[in-house]
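Secondary and tertiary structure notes
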Amino acid sequence: MSSVLAFCLAGQGGVGRNYLGLLGGASRIATALGSETHAALLGSDIDAQGAGQELLAYGADRVFCVNNPLLQEVDSDVYVRVAEQVCRKLQPRLVLFLCDDDGRALAPRLAWRLGTGLTTDCTAFDVEDGVIVALKPVFGGKALARVVCKSQPGIATVRVRSMEALARDEARSGEITVLDDIAVDASWKKVEVLDRVKEEVKGIRLEDAEVVVSGGRGIGGAEEFAALHDLARKLGAGVGASRAAVDEGWVPAGMQVGLTGKMIGPSVYIAVGISGASQHIAGVSNAKNIIAINSDPDAPIFRYARLGVAEDYRTILPALGKALEELMKD
Amino acid sequence: MNIVVCLKQILDPEIPAQDFRIDQERKEPTQGNASLVISPFDENALEVALQMRERAGEGRVTAISIGSSSGTLALRKALAVKADQAVHVAAEGTINSFTAAAILGAALKKLEFDVVLCGRQAGDWDFGVVGPLLAESLGIPCVPFVTEASYAGGAIQAKRQTLDGYDLVKAPLPVVLTVTNASTNNLRYPKVKDVMMADRKEILAWEAATLLGGESPDASIEVRDLFIPVHKVECELIEGDNATEKALKLARRMRELKLV
Ligand SMILES: Cc1cc2nc3c(=O)[nH]c(=O)nc-3n(C[C@H](O)[C@H](O)[C@H](O)COP(=O)(O)OP(=O)(O)OC[C@H]3O[C@@H](n4cnc5c(N)ncnc54)[C@H](O)[C@@H]3O)c2cc1C
Ligand SMILES: Nc1ncnc2c1ncn2[C@@H]1O[C@H](COP(=O)(O)O)[C@@H](O)[C@H]1O
């Protein structure tokens, strides 16, 4: 029976939350195709039974695990050869990766090796007369393309947070297979990591925050971001930024929200001094409510916002912080 | 050290969504008032190339661009910031990422290179595949999401952006790097005199068809249609006599709507 195969690149860690969404997406496509949902779990020191059961509970029909110490970090020079072997063995109809840094690095290389095509950063799939059509935002989200892969297997990377995980169901059962005939060779590794540097980010992690306050070029400087951190502290919010603020060197790149930054889905997103470029909005398309503070009443951001204030943020933020604090006391 | 940087010339990706139009037949956007620019991440890649050459105190930067025969603006700009050489590969018809990777791969066979730099993704179709495809087709490693790089002891050291910081990595030559934006790699401004000089420099003119030797690279994907999504949000603009009043009203509305 044909299959839709979702790659879960675990490295040393477990299976992250985003993979459950990927698996949910895979399972829906598989149902439409009348295929099985397969998950390939690659990494080192994986508890194949434990992690495998979890993937079954979230919709996989079968789980294939490649466990090897050389897969500790997701190095695409190594992983691509492993993924290629897995695909040749399982012969899936469609292969899915998450469109995160690892998936972006790996999927095109796998496509080249398998001599097939791929579509990146897809947000939905349709099955029409047995043909898989991927929906891909293009031109920074200003347009949508419907793309088909002319060769098999089709490969796609799936936008983070674009697909819902299935409800966890422990009654689901399936087979967990450890693939022990997949070769992994130390000589494949070409790139050496000399150092890992973490940049301290103040406050709550953007990805987890229910409320996010973000600043753009309109903030005017690194010190001025303090006003956003103040408001964020009062609201228990995370702080994000636009690409322009990152490029100016005001905030670390880890704070960039958008198409090529973080994809987030807070319930409230407060955009301050951000014009509302489509590439920025792409990162908050799952935000439930956008609030815009921008001195230009014609800024595109107001087209996406539920509430808006056309004012200089420097006069709005302090007063807003104070007023919210008062109101939240009651 | 020979550095090749791949520059795609595209319609300005910053035009507001409300001005964006497409031609359904061609499945391409219409130009309208949009100007042509170097795709933003390719500007970052060009800056990284120039910095690598500066740090090494030697080396040659070659800029290459594939497109319609009139599309040399990106290359002129590259020459103006002192790229040593520019190559234009003329190609007819739609050049998607897969065709571009095949043509670049063929062009690289004619150029000497130690490092190939690409943008992480082109600012039009947002595919983000050419760098890794090139690496795979050339059989060399690829380091993605690089913000800075230098050449040291026959290898490349690069900063690779991660979710919460960066990795310092070392890669052997030859290698493909894909570049992402950082405050350290905004493209420098050219001097006026260099812009004028650049206009007189030669741009090598190659043909995609010749490079590919008659083979047509099968893209394996097909864009069935292209359309503009509708989105509708009614914005409630908070009015007031002064900023304090507006802030207060906003706070109240946020509370009423249970947003905080
Ligand atoms: C391929 C590609 C990927 C991209 N990826 C991303 C991404 O991931 N994330 C991202 O953010 N961008 C991304 N961009 C860039 C994006 O197109 C915009 O350039 C960027 O989002 C603009 O940032 P900004 O809104 O802060 O700056 P600007 O567009 O310069 O807007 C600044 C705003 O601040 C307002 N302002 C000025 N002063 C004040 C004041 N005192 N008070 C209130 N408002 C004020 C102005 O009215 C203006 O609207 C990408 C672009 C491309 C081509
Ligand atoms: N037509 C082209 N000419 C030169 N370089 C290109 C072209 N198309 C893509 N590239 C390079 O490949 C990168 C990624 O493109 P893509 O995979 O199409 O998103 C771009 O940022 C460029 O560096």
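Residues numbered from 1 in each chain as written. Chains lettered and ligands numbered in written order. Predicted model: local features only at pLDDT ≥ 70, side-chain atom pairs only at ≥ 80, totals over all residues. Heavy atoms only, no water.

1. What to know about the pattern of salt bridges
Residues and elements named next belong to chain A. Across all of its chains, the model carries 43 salt bridges over all chains by this definition. Two residues, Asp181 and Lys89, come together in a salt bridge whose shortest N-O distance is 2.6 Å. Here the residue Asp181 occupies a position in the loop between strand E10 (175–178) and strand E11 (192–198), and Lys89 occupies one in helix H3 (residues 76–90), the gap between them amounting to 92 residues. Here Lys89 falls in the partly exposed class, since its relative accessible area comes to 41%. Of the charged contacts, one joins Arg104 and Asp101 as a salt bridge, the two residues approaching to 3.9 Å between their closest N and O atoms. (Salt bridge = Lys/Arg side-chain N within 4 Å of Asp/Glu carboxyl O. Helix = DSSP H or I, 4+ residues; strand = E, 2+ residues; numbered from the N terminus. Buried < 20%, exposed > 50% of the residue type's maximum accessible area, 1.4 Å probe, protein only.)

2. Some points on the site of ligand 1
Not every one of the 31 residues close to ligand 1 is listed here, only the nearest: Ser242, Val257, Thr260, Ser275 and Asn294 of chain A. With respect to ligand 1, the chains having nearby residues are chains A and B. For ligand 1, an oxygen atom lies 3.2 Å from a polar atom in the backbone of Gly261 of chain A. Take Asp312 of chain A: an N or O atom from its side chain is 3.0 Å from a nitrogen atom of ligand 1. About the coverage of ligand 1: the protein hides 87% of its 990 Å² of free accessible area. Per-class residue counts for the shell around ligand 1 are 9 nonpolar, 14 polar and 8 charged. (Near = heavy atom within 4 Å. Polar contact = N/O pair within 3.5 Å; in protein donor to acceptor, adjacent residues only side chain to side chain. Areas by Shrake-Rupley, 256 points an atom, 1.4 Å probe, with all protein chains shown as cover. Nonpolar A, V, L, I, M, F, W, Y, C, P; charged D, E, K, R; others polar.)

3. Looking at the sheet that holds strand E15 (residues 236–237) of chain B
Strand order across the open sheet formed by 6 strands is E13(A)-E12(A)-E14(A)-E15(A)-E16(A)-E15(B), with parallel pairing between neighbours. With one partner strand each, in any of the chains shown, strand E13 (238–241) of chain A together with E15 of chain B form the two edges of the open sheet. Across the sheet, helix H5 (residues 226–235) of chain A touches strand E12 (211–215), E13 and strand E14 (268–272) of chain A, and the angle it forms with E12 of chain A is around 175 degrees. Here helix H8 (residues 313–329) of chain A sits on the sheet in contact with E14, strand E15 (289–293) and strand E16 (307–309) of chain A, set at roughly 125 degrees to E15 of chain A. (Pairing = 2+ DSSP bridges. Contact = heavy atoms within 4.5 Å. Axes fitted to C-alpha atoms, helices over the stretch in contact; angles between N-to-C directions.)

4. Comments concerning the pairing of strand E9 (residues 142–152) of chain B
Sheet faces and side chains relate simply in a regular strand, where the side chains alternate between the two faces. Most of E9 of chain B sits out of view: 8 of its 11 residues are buried. The hairpin turn running from E9 of chain B into strand E10 (residues 155–162) of chain B, its antiparallel successor, is 2 residues long, and Gly153 of chain B in that turn takes a positive phi close to 55 degrees.

5. Concerning the interface of chain A and chain B
At the junction of the two partners, chain A supplies 82 residues and chain B supplies 79 residues. Between chain A and chain B lies a buried interface of about 7200 Å² when both sides are counted; carbon and sulfur atoms form 61% of it. Of all residues in chain A, Phe139, Lys142 and Leu307 of chain A give up the largest surface area on contact with chain B, accounting jointly for 11% of the area buried on that side. At the surface where chain A touches chain B, the tally comes to 7 salt bridges. The shortest N-O distance in the salt bridge between Arg113 of chain A and Glu136 of chain B comes to 2.7 Å. Here the element with the most residues in the side of chain A that touches chain B is H8 of chain A; it accounts for 8 residues. Partitioned by chemical class, the residues of the side of chain A that touches chain B number 42 nonpolar, 16 polar and 24 charged. (Buried area = accessible area lost by both parts, 1.4 Å probe.)

6. With respect to the sheet that holds E10 of chain B
Judged by pairing direction, the sheet is mixed, and its 10 strands sit side by side in the order E11(A)-E11(B)-E10(B)-E9(B)-E12(B)-E8(B)-E1(B)-E6(B)-E7(B)-E13(B) without closing on themselves. At either end of the open sheet lies a strand with only one pairing partner, and these are E11 of chain A together with strand E13 (204–207) of chain B. Taking each pair of neighbouring strands and ignoring which way they run, the sheet shows an average axis angle of 30 degrees. Where E10 of chain B meets strand E11 (residues 165–172) of chain B, 8 bridges bridge the pair, whose relative direction is antiparallel. Residue pairing across strands places Ile156 of chain B opposite Ala171 of chain B, the latter belonging to E11 of chain B. The sheet contacts of helix H2 (residues 73–80) of chain B involve strand E6 (60–67) and strand E7 (85–90) of chain B, and relative to E7 of chain B the element is tilted by about 175 degrees.

7. Quick notes on the nonpolar core
Within the largest apolar cluster, 108 residues are counted, with the highest numbers of intra-cluster contacts made by Phe7, Leu42, Val86, Leu96, Leu110 and Phe125 of chain A. Not counting residues up to four positions away in its chain, the partners in contact with Phe7 of chain A are Tyr19, Leu22, Ala40, Leu42, Ala83, Val86, Cys87, Val95, Leu96, Phe97 and Leu110 of chain A. (Core = buried A, V, L, I, M, F, W, Y, C linked by side-chain atoms within 4.5 Å.)

8. Thoughts on unusual backbone geometry
For the bond from Gln152 of chain A to Pro153 of chain A, the omega torsion is -5 degrees, close enough to zero to count as cis. Counting through the fold element by element, Pro153 of chain A comes out in the loop between strand E8 (143–149) and strand E9 (154–158). In the segment running from Leu173 of chain B into Pro174 of chain B, the intervening peptide bond is cis, with an omega of -10 degrees. Summarising the element assignment, Pro174 of chain B is placed in the loop between E11 and strand E12 (175–179).

9. Overview of the confidence of the model for chain B
The predicted structure's coordinates, where accompanied by low pLDDT, should not be read in detail. In the predicted model, chain B carries a mean pLDDT of 95, and 99% of its residues have values of at least 70. For this predicted complex, the interface confidence comes out at an ipTM of 0.97, alongside a pTM of 0.98. (pLDDT = per-residue confidence, 0-100.)

10. Structural notes on H5 of chain A
All names here are of chain A. Of the residues making up H5, those classed as buried are Leu228, His229, Leu231, Ala232 and Leu235. On an axial view of H5, the arc spanned by its buried residues comes to 165 degrees, and they lie on one face. Contact partners of the buried residues in H5: E12, E13, E14 and H8. Two residues or fewer after H5 comes Gly236, characterised by a positive phi angle close to 65 degrees. (Arc of directions from axis to C-beta.)

11. Some remarks on the domain arrangement of chain A
Residues and elements named next belong to chain A. Per the domain assignment, the segments of chain A are domain 1 (3–188) and domain 2 (211–329). Centre-to-centre, using C-alpha coordinates, domain 1 lies 34 Å away from domain 2. Taken together, the 9 residues of domain 1 in the interface contact 8 residues of domain 2. Buried surface at the junction of domain 1 and domain 2, both sides included, amounts to about 700 Å², of which 45% is carbon and sulfur. The largest share of the area that domain 1 buries against domain 2 comes from Gly140, Arg159 and Arg161, three residues that together contribute 66% of it. The interface formed by domain 1 and domain 2 contains 0 salt bridges. Within the side of domain 1 that touches domain 2, the residues separate by chemical class into 2 nonpolar, 2 polar and 5 charged. (Domains from an automatic or database assignment.)

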